[in-house]
Amino acid sequence: MPYPLPDAPLILVVDDDPDIATLVGHRMRRVGYRTSVADDGLKALRAIGEERPDLVLLDIGMPNLDGKAVARILQSAGADAPSVIFVTAHTGADDRMDGIHLGAVDYITKPFDTADLLARVESALQLRRG
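So, here is what we can say about the structure in this document. Small disclaimer: the values here were computed from a predicted structure and weren't measured. (Residues numbered from 1 in each chain as written. Predicted model: local features only at pLDDT ≥ 70, side-chain atom pairs only at ≥ 80, totals over all residues. Heavy atoms only, no water.)

### Remarks on the side chain of T88
Piece 1. Among the structural elements, T88 can be located in strand β4 (residues 83–88).
Piece 2. The class for T88 is buried, based on a relative accessible area of 0%.
Piece 3. Only 3.1 Å separates the side chain of T88 from the backbone nitrogen of H90, close enough to count as a polar contact.
Piece 4. Once residues within four sequence positions are removed from consideration, T88 is found in contact with D59, I60, Y107, I108, T109 and K110. (Helix = DSSP H or I, 4+ residues; strand = E, 2+ residues; numbered from the N terminus. Buried < 20%, exposed > 50% of the residue type's maximum accessible area, 1.4 Å probe, protein only. Polar contact = N/O pair within 3.5 Å; in protein donor to acceptor, adjacent residues only side chain to side chain. Contact = heavy atoms within 4.5 Å.)

### Thoughts on the sheet that holds β4
Piece 1. Across the sheet, which stays open at both edges, the five strands sit in the order β2-β1-β3-β4-β5 with parallel pairing between neighbours. Among the strands making up the open sheet, the edge pair consists of β2 (34–38) and β5 (106–109). Geometrically, the sheet is characterised by an average inter-axis angle of 20° between neighbouring strands, direction not taken into account. (Pairing = 2+ DSSP bridges. Axes fitted to C-alpha atoms, helices over the stretch in contact; angles between N-to-C directions.)

### Section: the pattern of salt bridges
Piece 1. Summed over the entire model, instances satisfying the criterion amount to eight salt bridges.
Piece 2. The shortest N-O distance in the salt bridge between D59 and K110 comes to 3.5 Å. With a gap of 51 residues between them, D59 in the loop between β3 (55–58) and α3 (67–77) and K110 in the loop between β5 and α5 (114–129) connect regions that are remote in the sequence.
Piece 3. Take D59: its relative accessible area is 5%, and that puts it in the buried class.
Piece 4. Ionic pairing is found between K68 and D98, a salt bridge with its closest N-O pair at 2.9 Å. Placement of the pair is K68 in helix α3 and D98 in helix α4 (residues 93–101), with a sequence separation of 30 residues.
Piece 5. Members of the salt-bridge network, linked through shared partners, are D15, D59 and K110. (Salt bridge = Lys/Arg side-chain N within 4 Å of Asp/Glu carboxyl O.)

The values reported here are purely geometric and, on their own, carry no functional implication.
Here's what the structure looks like:
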């Protein structure tokens, strides 16, 4: 089984559902990514500032500061901000459009297929590198 190397991309998983955060983190580590987890928007911003992740997998509905607010703050940071993929139960077309307008590179709705999530993560990381 692959394991994260010290220079592997760091993915911050932001979700207030511990089962989802654990599942996603485990799947990312299994394919060789380093991971970090936050369970609300304020902790996510703190982790982004301290850990400088390459990609943030961001839920929308969370306590303290929702995912859209986090994305707005990151969008104002410009090129220094990590890439964002929303991973959320918000399935409406307006939510999807909001996510893209807030700078997300992708929008995945729950429940999701982990193979699809991994493919989108790899694509987002390639875009960031390229």
